[in-house]
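The residues making up each chain are set out below.
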Amino acid sequence: MDSDLQTEQAHKVANAVVFGQLESLIKDNPAIDLSSILNQQVSSYPQLVSSLAKTTLPSSAGQRRLGNVDLAAEAVSKQDRLPRISNETPIKVVEAFNNLIQEGQILHQLHGTYVIGVGLHYAVKTDISGDLDQITNLQYIHDKLPDIPAPRCLGTITDSQRIYFFMSRSPGSTLESVWPNLSVSTKVSIRNQLNSIFHHIRSLWFESQAERALIGGFVSSVSKDIRRTERIASNPVRSEKEFNEFLCSKPGRTTTTFIKGVCSAMSHNHRIDGNGRMLEDTVRVSSILDWETAGWYPEHWEFVKAMHAVDSRGPLRDWIDYLPTEAIGSYMVEYAVDCLIDRWHG
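Residues numbered from 1 in each chain as written. Predicted model: local features only at pLDDT ≥ 70, side-chain atom pairs only at ≥ 80, totals over all residues. Heavy atoms only, no water.

Caption draft 1: Summary view of the confidence of the model for the chain. Of the residues in the chain, 81% reach a pLDDT of 70 or more, and the chain-wide mean stands at 78. Within the model, the stretch residues 56-80 combines pLDDT values under 50 with 48 contacts to residues more than four positions away or in other chains. (pLDDT = per-residue confidence, 0-100. Contact = heavy atoms within 4.5 Å.)

Spelled out as structure tokens, the structure:
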């Protein structure tokens, strides 16, 4: 394909990605301050165009006309191992992005969520949740703490089924995949690095004004709890007591005497801190991933969720010995209580 035409198509796709991101954020919050997002695009937009221009994007041949919009003619195959963007996404973006996704490398897959590598420097995360916290939390962290190692949000495309989150690709391997082969000294080094990173994250000051004193995402203020499935609080959570009540509830299930007793025994005077999510490249921690459940939560919550990653027979069986407790603390009582809640949820 002619280089000028390739660059033109790269701009079309990049424009659709950035427009999709802004449209989604404004739809979610019409009064959102876009300053930090637009400032970030000054550097990320040229990188996105450059990456797309180096990728073999299909030409307009082989497309059909439907109303006033050009749509890819190729039907979605049920045998495709990766999701496709539906024909509801506007002009020529469909075929280009389906081409990128189908040729990409699966980096992670869980249920309906995929993380797909697009070249060495970019990735697309797609799921059916429509959760924008993974975008707003990352932008909040990059705005407040630009030195924290985390992916950069480059834009989004949404259709009636999925959200496609375009981001920079972090180098290295997942901690879980390399952990069993690491030496004790390397594990200690990782713990020290995580302590430093999480001290930095917890230096954020909780915005405790009455109108903003909500437990949940950094920007959305929506409380979440991920166990076997993700649960989202239906109402704003304004205190740790309300957060405990959310943890001890389940739609359609009777609140038993047992779970009432557990809830009443839970502390509700923990400090509210910024919480992230725990990846490393040999000895250097290269990135903190999966920010959709980050935000303002009780100070013990990071430790409790980190402990749930420990499997006595799995690759992280000694993870408990290397948790960055200097930064996130150690809360075995709270973890034990949460295990009772987990058992009740089933």
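Caption draft 2: Focus on the pattern of salt bridges. Enumeration over the complete set of coordinates arrives at 13 salt bridges. In this structure, the salt-bridge partner of Asp 225 is Arg 231, at a minimum N-O distance of 3.4 Å. In this structure, Arg 228 engages Asp 342 in a salt bridge whose closest nitrogen and oxygen atoms are separated by 3.5 Å. With a relative accessible area of 56%, Arg 228 lands in the exposed category. Among the charged side chains, a salt-bridge network with shared partners connects Asp 225, Arg 227, Arg 228, Arg 231, Lys 305, Asp 338 and Asp 342. (Salt bridge = Lys/Arg side-chain N within 4 Å of Asp/Glu carboxyl O. Buried < 20%, exposed > 50% of the residue type's maximum accessible area, 1.4 Å probe, protein only.)

Caption draft 3: Layout of the packing of aromatic side chains. By the definition in use, this model includes eight aromatic pairs. Aromatic side chains Tyr 140 and Phe 218 sit 4.9 Å apart centroid to centroid with 10° between the ring planes, which places their arrangement in the stacked category. In this pair, Tyr 140 sits in helix 4 (residues 133-144) while Phe 218 sits in the loop between helix 6 (184-201) and strand 8 (224-226), placing the two residues 78 residues apart along the sequence. Residue Phe 218 is classed as buried on the basis of its relative accessible area, which comes to 2%. Judged by centre distance (6.4 Å) and plane angle (70°), the rings of Phe 303 and Tyr 331 are edge-to-face. With Phe 303 in helix 9 (residues 301-307) and Tyr 331 in the loop between helix 10 (325-328) and helix 11 (332-345), this pair connects stretches of sequence that are 28 residues apart. Since its relative accessible area comes to 2%, Phe 303 is described here as buried. Against the face of Phe 246 rests Arg 231, its NZ or CZ located 4.6 Å from the ring centre. Over the face of the ring belonging to Trp 344 we find Arg 253, whose NZ or CZ atom lies 4.6 Å from the ring centre. (Phe/Tyr/Trp six-rings, centres within 6.5 Å; stacked < 30°, edge-to-face > 60°. Helix = DSSP H or I, 4+ residues; strand = E, 2+ residues; numbered from the N terminus. Lys NZ or Arg CZ within 6 Å of the ring centre and 35° of its normal.)

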